[in-house]
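# A closer look at the structure
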Amino acid sequence: MRRFVIGQAKNLIDQTRRRPPQPHHHNNLRLLSLLRPSASDSTAVYSPRLFSSSSSSDMPGSDSSTSSLPVTLDSINPKVLKCEYAVRGEIVSIAQRLQDDLKTNKDAYPFDEIIYCNIGNPQSLGQQPITFFREVLALCSHTALLDESATHGLFSSDSIDRAWKILDQIPGKATGAYSHSQGIKGLRDAIAAGIEARDGFPADPNDIFMTDGASPGVHMMMQLLISSEKDGILCPIPQYPLYSASIALHGGSLVPYYLDEASGWGLEISELKKQLEDAKSKGITVRALAVINPGNPTGQVLSEENQRDIVDFCKKEGLVLLADEVYQENVYVPDKKFHSFKKVARSMGYGEKDISLVSFQSISKGYYGECGKRGGYMEVTGFTSDVREQIYKVASVNLCSNISGQILASLVMSPPKPGDDSYDSYIAEKEGILSSLATRAKTLEEALNKLEGVTCNRAEGAMYLFPCITLPQKAIAAAEAAKTAPDAFYCKRLLNATGIVVVPGSGFRQVPGTWHFRCTILPQEDKIPAIVNRLTEFHKSFMNEFRD
């Protein structure tokens, strides 16, 4: 059956190419619906093979029901099937197919490019890397440059000095070799010093575990904390799908706590208590509380008072506090400021023996946006020595994080200082990026709030807006007929009409009966007016088409 459907889709593509594009491109939408697995299909969980560069009909064993191969959907780990990750899910796969087709069939679409507003990937949308960071990385990666006289005319003096300092901490200056499983000691020293300068409280380099981005650190803690489905993790709803995916993969239970959209995505302690008691009544032992600050996908920045209440809650209930702080540099409003949970806990007088706290940081966000370099760390405090040995053991299974990412993580936490050769250019680049992000966030926020039936809280931080859409009943009925969530239906139609890729709120979970989508603020400023125009025109057309 699948081969027949895809064959029909190919015929539809050929027919579409032979005739002028239609006003609302229903043919393209029909093609996408043919390619999308239905809810009754066993591959309804995100199935990239349906959207790969080769047709599924050409792939041997593409139908699990007739395959003689040893691995089928029925035989793989059911936890993998349960795991979902909407940020790179079905809509993104459709967008990639459209992007390929645009190369040879530009006249078939009402847009000339796909704009990926689905993921926090700054450099893919034109953000430039920080010069000092890349100079140091280049010199560390190709050490022969340090022996060339021309290098002093091409690189800043402090980038050369920093490269030598880093290389002196690496045995044999071998940046292609494995390191200590927690990361190079000298780089952890630099990170600990940066944390201490940020918070005003001591940091121990032995508490630092360097990771390939923040995600492996989250997975590592889930491995440590979850032993069965009776172990639960309190997670914010809406949440970043990394958490639900990791909990599912490790066989635990996600215990949701709902952020209050009406109060700017507020985190209420009463909601935490309610969900904790509900979990206990179901026989679930809640092991940890995950907090994302600034918020993803919601963009709120917690007040210090709220953070104090959260710390007290974790201490009283005996919960590990998992603090996702990867957007700590991304705060755009003057009345809010980032405070690390470690700083808050220490300022309350809580030390290592009072609260277990794991803080996550990444080089992928902030003003640096080095997503592809895969660097980050977690700071692990408040664990006994025997438990720490187990964390180290898990880290050592992966040998070590990549060295380029380690170097960049150390630079992020120890950038140029006043008086350094690169300082002025570094500050100009940093402030230019953050100022532009704030402008883009405000422009998109205002545009969204002008749309019929759309409300959007202000973007206080992070890289996203998460507007709420009130959809007409006819649109909801059409989505149900298409066997898809209403906000996913809206997002697919948006993609098909404009080339703009956003993620439906259903991929992040949300209050039942509400619909949202997440949109990044990352497209460059000169593209924002076009995005606003495309989105506005699409929304008007969509609402008119489905008006009750």
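Quick look at the structure, then. What you see is a predicted model, and the numbers here were worked out from it, not measured in a lab.

Turning to the pairing of strand E4 (residues 253-258), a few remarks are in order. As paired strands, strand E3 (residues 231-237) and E4 are joined by six bridges and run parallel to one another. For Pro236, the partnering residue across the bridge sits in E4 and is Tyr257.

This brings us to the nonpolar core. Judged by nonpolar contacts, the single largest core of 120 residues is most densely connected at Ile114, Phe133, Tyr243, Leu322, Val358, Met378 and Phe542. Among the elements that make up this core, the one with the highest residue count is helix H16 (residues 423-449) (eight residues). Counting contributing residues, this core receives three or more from each of domain 1 (78-126 + 426-546) and domain 2 (178-413). Core analysis: the next-biggest nonpolar cluster, separate from the first, contains 32 residues, Ile269, Val286, Val311 and Ala323 among them.

Counted according to the given criterion, the structure contains 20 salt bridges. Salt-bridge contacts for Arg287 lead to Asp231; the nearest nitrogen and oxygen are separated by 3.8 Å. Separated by 56 residues along the polypeptide, Arg287 in strand E5 (residues 285-292) and Asp231 in strand E3 bring together distant segments of the chain. The exposure class assigned to Arg287 is partly exposed, which follows from its relative accessible area of 30%. Here Asp231 falls in the buried class, since its relative accessible area comes to 8%. Between Asp335 and Arg458 there is a salt bridge, and its shortest N-O distance comes to 2.7 Å. Linking Asp335 in the loop between strand E6 (320-324) and helix H13 (341-347) with Arg458 in the loop between strand E9 (454-455) and strand E10 (464-465), this pair joins segments that are 123 residues apart in sequence. It is possible to trace a salt-bridge network through shared partners that takes in Asp335, Lys336, Arg458 and Glu460.

Residue placement: Lys450 occurs in the loop between H16 and E9. A sequence separation of 86 residues divides Lys450 from Thr536, and the C-alpha atoms of the two residues are 8.7 Å apart.

Moving on to the environment of Glu352. Here Glu352 shows up in the loop between H13 and strand E7 (357-362). Its relative accessible area of 39% is what places Glu352 among the partly exposed residues. Excluding its chain neighbours within four sequence positions, the residues that come into contact with Glu352 are Asp207, Arg346, Thr381, Gly382 and Phe383. One polar contact links the side chain of Glu352 to the main-chain amide nitrogen of Gly382, over a distance of 2.7 Å.

Conventions and cut-offs
- Residues numbered from 1 in each chain as written.
- Predicted model: local features only at pLDDT ≥ 70, side-chain atom pairs only at ≥ 80, totals over all residues.
- Heavy atoms only, no water.
- Pairing = 2+ DSSP bridges.
- Helix = DSSP H or I, 4+ residues; strand = E, 2+ residues; numbered from the N terminus.
- Core = buried A, V, L, I, M, F, W, Y, C linked by side-chain atoms within 4.5 Å.
- Buried < 20%, exposed > 50% of the residue type's maximum accessible area, 1.4 Å probe, protein only.
- Domains from an automatic or database assignment.
- Salt bridge = Lys/Arg side-chain N within 4 Å of Asp/Glu carboxyl O.
- Contact = heavy atoms within 4.5 Å.
- Polar contact = N/O pair within 3.5 Å; in protein donor to acceptor, adjacent residues only side chain to side chain.

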